[in-house]
Amino acid sequence: MAELEKLNMYINAERVEPASGEYFETFNPYTGKPWALVARGGEADANRAVEAAKAALENPEWADITATQRGHLLRRLGDLLAANAERLGKLEVQDNGKLFAEMGMQCQYLPQWYYYFGGLADKIEGAVLPIDKPDTFTYTRHEPLGVCAMITPWNSPLLLLTWKLAPALAAGNTVVVKPSEFTSASTLEFANLVEEAGFPKGVFNVVTGFGKEVGEPLVVHPDVAKVAFTGGALSGAHVYKQAAAGLKKVSLELGGKSPNIVFGDCNVENAVKGAISGIFAATGQTCIAGSRLLVQESIHDEFVDKLVAFAKSAQMGDPMSIDTQVGPVTTMPQYEKILGYMDVAREDGAECLLGGGKAERPECGDGWFVEPTIFAGVNNKMRIAQEEVFGPVLSVIPFKDDDEAVAIANDVIYGLASGVWTSDIRRAIEIPKRIKAGTVWVNTYRAVSYVAPFGGYKQSGLGRESGQQAIFEYLQTKTVWISTATETPDPFVMR
Ligand code: NAD
């Protein structure tokens, strides 16, 4: 068998072999076969990357350039991404098995974050304060935090990196990224574009490997000022604790169990599509999956019949094909986890209306496919309604009225996203106010933008990505006091 290509880390603008000398396989979820070897980084590699990022903070080529010049670099990176979007999209598909229709589109959209935050770089203004002291000039400046560690998951590697990286670089920080061990290839390839854009060496570094082995040393490294993490709630809580020991700044984008609420007055055809896009798009492997479908009793049976008919028609198969609508699951452990949850739902008494197991269609080959699955008769207390599955498994929960819909919607530990389907203007305005989630979509689902803040309520996370406020996740405020008095007053009293 031909040797697989080795993908090395990217530290201080060099391709670096892991100190361990070890590599592990990365798989194509559609074929179920390994296609490359990824460097198995450890503490020594994390230290080396942080050292490079720390040195870059002091390098005048980065430290002394103007915010406008940083903006230029970001815009150049955006242009390079635009020119390479198709290639990067294909690489993502090869590594995470999501549809090219989705990953290609995501890669085409990525440049917008670099343009937006590139534009914002020189619009972050401090203030001259109307200070209440005589003979005093007081102003604020917003300064970078320093070295930022970014830890990303496997479902949308470049998009979720970009949400962190664009504001962090615009703010003047330096960065060490650790992508998911399941999908490291696109981040390593992206490093070439960062270099080509002209960012000085050490500003952007990539280490690869497992969370415990290379992620954790990054999180606890004393020279890392901030940890930006996207991933599961358990790992997130662990990272939070580790970072707390060093009193680091932390932002967390974690899981969800989002309610998609269908009211009896909705446009049924549109709401069926909204329910489908909430759970079967991206094979349900999104943090914002509308995995709990709350349907008002007055239309429940009619709605569920239409939903099942629509979902039944979904084409599975090669994620590169434009006809495919549901692709494979990205990782083998995730594949097993999803199948396990289908058993849990049945054991807890949910009624399986569609799917409910492995997909053994000929077009699925040896890939890690599960059938799009719909469970009805779900009670919100069941595990299938409370725990994140991260797969194409929908729980349908009936409700009577607005109060019950809101109560069920909020009765989970998560609060990432939610959907509301209604033709009633009162509901369109009042229900979003009552839902405890960082995003509420009304008569749409799964829309994101560089302009719109995104993040979680409750255990779905800390901090916000995208939108103007995201840059303040990577800045700290300094207050400067200058006395213009000719004589220093009594030194024994506070001024
Ligand atoms: P995961 O938590 O298993 O891994 C995420 C990343 O954390 C990986 O790079 C992993 O190696 C690293 N990691 C794990 N343990 C670590 C440790 N102890 N120290 C440092 N790093 C560690 O998550 P996953 O399975 O890759 O991704 C799926 C999860 O991500 C889901 O729960 C999903 O909801 C969540 N997610 C959230 C968002 C969001 O924006 N809120 C977006 C996408 C995915």
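See the structure shown above.
The text that follows walks through the structure, step by step, so that each part is easy to find. (Residues numbered from 1 in each chain as written. Predicted model: local features only at pLDDT ≥ 70, side-chain atom pairs only at ≥ 80, totals over all residues. Heavy atoms only, no water.)

By the definition in use, this model includes 17 aromatic pairs. When the ring of Phe24 is compared with that of Phe210, the centres are 4.6 Å apart and the planes differ by 40 degrees; the resulting orientation is tilted. Placement of the pair is Phe24 in strand E4 (residues 23-28) and Phe210 in the loop between strand E9 (204-206) and helix H9 (211-220), with a sequence separation of 186 residues. Judged by its relative accessible area of 26%, Phe210 is partly exposed. Centroid distance Trp441 to Tyr445: 4.6 Å. Interplanar angle 55 degrees. Geometry classified as tilted. What makes Tyr445 buried here is its relative accessible area of 7%. Feature note: the residues Tyr109, Trp113, Tyr116, Phe117, Trp163, Tyr450 and Phe454 constitute an aromatic cluster, connected by ring pairs. The ring of Tyr23 carries the charged tip of Lys6 above its face, separated from the ring centre by 4.8 Å. Over the aromatic face of Tyr474 sits the side chain of Lys226, whose NZ or CZ is 4.6 Å from the ring centroid. (Phe/Tyr/Trp six-rings, centres within 6.5 Å; stacked < 30°, edge-to-face > 60°. Helix = DSSP H or I, 4+ residues; strand = E, 2+ residues; numbered from the N terminus. Buried < 20%, exposed > 50% of the residue type's maximum accessible area, 1.4 Å probe, protein only. Lys NZ or Arg CZ within 6 Å of the ring centre and 35° of its normal.)

Moving on to a nonpolar patch on the surface. A contiguous nonpolar patch, built from Val128, Phe137 and Ile482 and spanning about 250 Å² of accessible area, is present on the exposed surface. For Ile482, the location among the structural elements is in strand E22 (residues 475-483). (Patch = residues over 30% accessible without salt bridge, like charges linked within 9 Å, V, L, I, M, F, W, Y side chains within 5 Å. Areas by Shrake-Rupley, 256 points an atom, 1.4 Å probe, with all protein chains shown as cover. Salt bridge = Lys/Arg side-chain N within 4 Å of Asp/Glu carboxyl O.)

So, about the sheet that holds strand E5 (residues 33-39). Taken together, three strands build an open sheet; the order of strands is E1-E5-E4 and the sheet is mixed. Two strands bound the open sheet, and with one partner strand each, they are strand E1 (5-7) and E4. Averaged over all pairs of adjacent strands, the angle between strand axes in this sheet comes to 40 degrees, irrespective of strand direction. Taken together, the three bridges between E1 and E5 define a ladder with parallel strand orientation. If you follow Lys6 over to E5, its bridge partner there is Leu37. The strands that helix H4 (residues 85-96) touches are E4 and E5; relative to E4, the one it contacts most, it runs at about 100 degrees. (Pairing = 2+ DSSP bridges. Axes fitted to C-alpha atoms, helices over the stretch in contact; angles between N-to-C directions. Contact = heavy atoms within 4.5 Å.)

Now for the layout of surface pockets. Approximately 980 Å³ is the volume attributed to the largest pocket. Those elements that provide at least two residues to the lining of the largest pocket are H9, strand E10 (224-230), helix H10 (233-245) and helix H13 (332-347). Per-class residue counts for the lining of the largest pocket are 17 nonpolar, 15 polar and eight charged. Lining the second largest pocket are 32 residues, with Glu102, Met105, Ala281, Ala282 and Arg446 positioned closest to its centre. For the lining of the second largest pocket, the elements supplying multiple residues, two or more each, are helix H5 (100-109), helix H7 (157-170), helix H11 (268-279) and helix H12 (300-312). Broken down by element, the lining of the second largest pocket gets its largest block of residues, five residues, from H5. Of the residues assigned to the lining of the second largest pocket, the class counts are 21 nonpolar, eight polar and three charged. (1 Å grid on protein atoms, 1.4 Å probe; cavity = no way out; pocket = protein on both sides within 12 Å on 5 of 7 lines; lining within 4 Å. Points joined across faces, edges and corners; volume = space filled by probe spheres on them. Nonpolar A, V, L, I, M, F, W, Y, C, P; charged D, E, K, R; others polar.)

Now for the environment of Gly104. Assignment of secondary structure puts Gly104 in helix H5. As for Gly104 and Gly89, which are separated by 15 residues in sequence, their C-alpha atoms are 4.4 Å apart.

What follows covers the pattern of salt bridges. According to the stated counting rule, one finds 26 salt bridges in the structure shown. In this structure, Lys123 and Asp122 form a salt bridge, with 2.8 Å as the shortest nitrogen-oxygen distance. With its nearest N and O atoms 2.9 Å apart, the salt bridge here joins Glu387 to Arg383. Salt bridges here are not isolated pairs; linked through shared partners, they connect Asp265, Asp402, Arg426 and Arg427.

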